[in-house]
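So the chains spell out like this:
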Amino acid sequence: MSAAGYQVLLDDLKNLDAAPEMVAAFRQLIFDRLDAERSPTERRVAFVRELLAQRERTVIIRERLQARFGVSRRQAYRDIDLAKQVVPSRWHGARA
């Protein structure tokens with residue numbers, strides 16, 4: 001499903017006549033599904049961006065990437081560099 005499709009579902013939750021617990025559970029299901037559709041690199045880069053927002057040092061971020069995702073030192077630094085880019089690399093050179 002496209003991101004716009006998920007956004008429609010999230011917007012429609014506001015009008016859903018259901019118990020708040022059910023709405024919260026459905027919202028979590030949507031977010032879990034979105035997360036499952038992301039690539040491993042996208043997950044790691046999102047994790048790095050969260051840590052960068054918390055002003056963690058690069059060496060700490062690298063260590064946490066290695067511990068959490070089991071990536072090599074080299075891959076961890078690639079992910080950090082990717083996270084620091086303004087435009088995600090998957091958009092570079094993309095053709096419509």
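Scroll up a little and you will see the structure.
Since the model is a prediction, treat every value here as computed from it, not as a measurement.

Calculation notes
- Residues numbered from 1 in each chain as written.
- Predicted model: local features only at pLDDT ≥ 70, side-chain atom pairs only at ≥ 80, totals over all residues.
- Heavy atoms only, no water.
- Helix = DSSP H or I, 4+ residues; strand = E, 2+ residues; numbered from the N terminus.
- Buried < 20%, exposed > 50% of the residue type's maximum accessible area, 1.4 Å probe, protein only.
- Phe/Tyr/Trp six-rings, centres within 6.5 Å; stacked < 30°, edge-to-face > 60°.
- Axes fitted to C-alpha atoms, helices over the stretch in contact; angles between N-to-C directions.
- Parallel < 35°, antiparallel > 145°, perpendicular 65-115°, else oblique.
- Left-handed = near helix turned anticlockwise from the far one by under 90°.
- Contact = heavy atoms within 4.5 Å.
- Core = buried A, V, L, I, M, F, W, Y, C linked by side-chain atoms within 4.5 Å.

A.B. asks: Hey, could you run me through unusual backbone geometry in this one?
C.D. replies: With glycine set apart, most residues show a phi of negative sign, and most peptide bonds adopt trans. The phi torsion at R55 lies on the positive side, around 65°, for a residue other than glycine. With respect to the helices and strands, the residue R55 is situated in the loop between α3 (40-53) and α4 (58-69). The class for R55 is exposed, based on a relative accessible area of 76%.

A.B. asks: Sorry, what's going on with the packing of aromatic side chains here?
C.D. replies: Two aromatic rings, taken as a pair, are described by how far apart their centres are and by the angle between their planes. For the structure shown, the criterion picks out 1 aromatic pair. Aromatic pair F47 and F69: ring centres 5.5 Å apart, planes at 70°, arrangement edge-to-face. Taken together, the residues span a long stretch of sequence, with F47 in helix α3 and F69 in helix α4 at a distance of 22 residues. According to the relative accessible area criterion, F69 is partly exposed, its value standing at 30%.

A.B. asks: Looking at this structure, I do not really get the packing of α3 against helix α5 (residues 73-84). What am I missing?
C.D. replies: Packed helices, taken two at a time, are described by their axes: the angle between them and the distance between them. Remark: α3 packs on α5, axes separated minimally by 9 Å, with the N-to-C direction vectors making an angle of 70°. By the angle between their axes, α3 is roughly perpendicular relative to α5. In the packing of α3 onto α5, the handedness of the crossing is right-handed. Contacts from T41, R44, V45, V48, R49 and L52 in α3 reach Q75, D79, I80, L82, A83 and K84 in α5.

A.B. asks: Before we go on, may I ask you to explain the nonpolar core in this structure?
C.D. replies: The nonpolar side chains of soluble globular proteins are, as a tendency, buried together. Ranked by size, the top nonpolar core spans 11 residues in total: V45, F47, V48, L51, I61, L65, V71, A76, I80, L82 and A83. Broken down by secondary-structure element, the contributors of at least two residues to this core are α3, α4 and α5. Within the second largest apolar cluster, 5 residues are counted, among which are L10, L13, V23 and I30.

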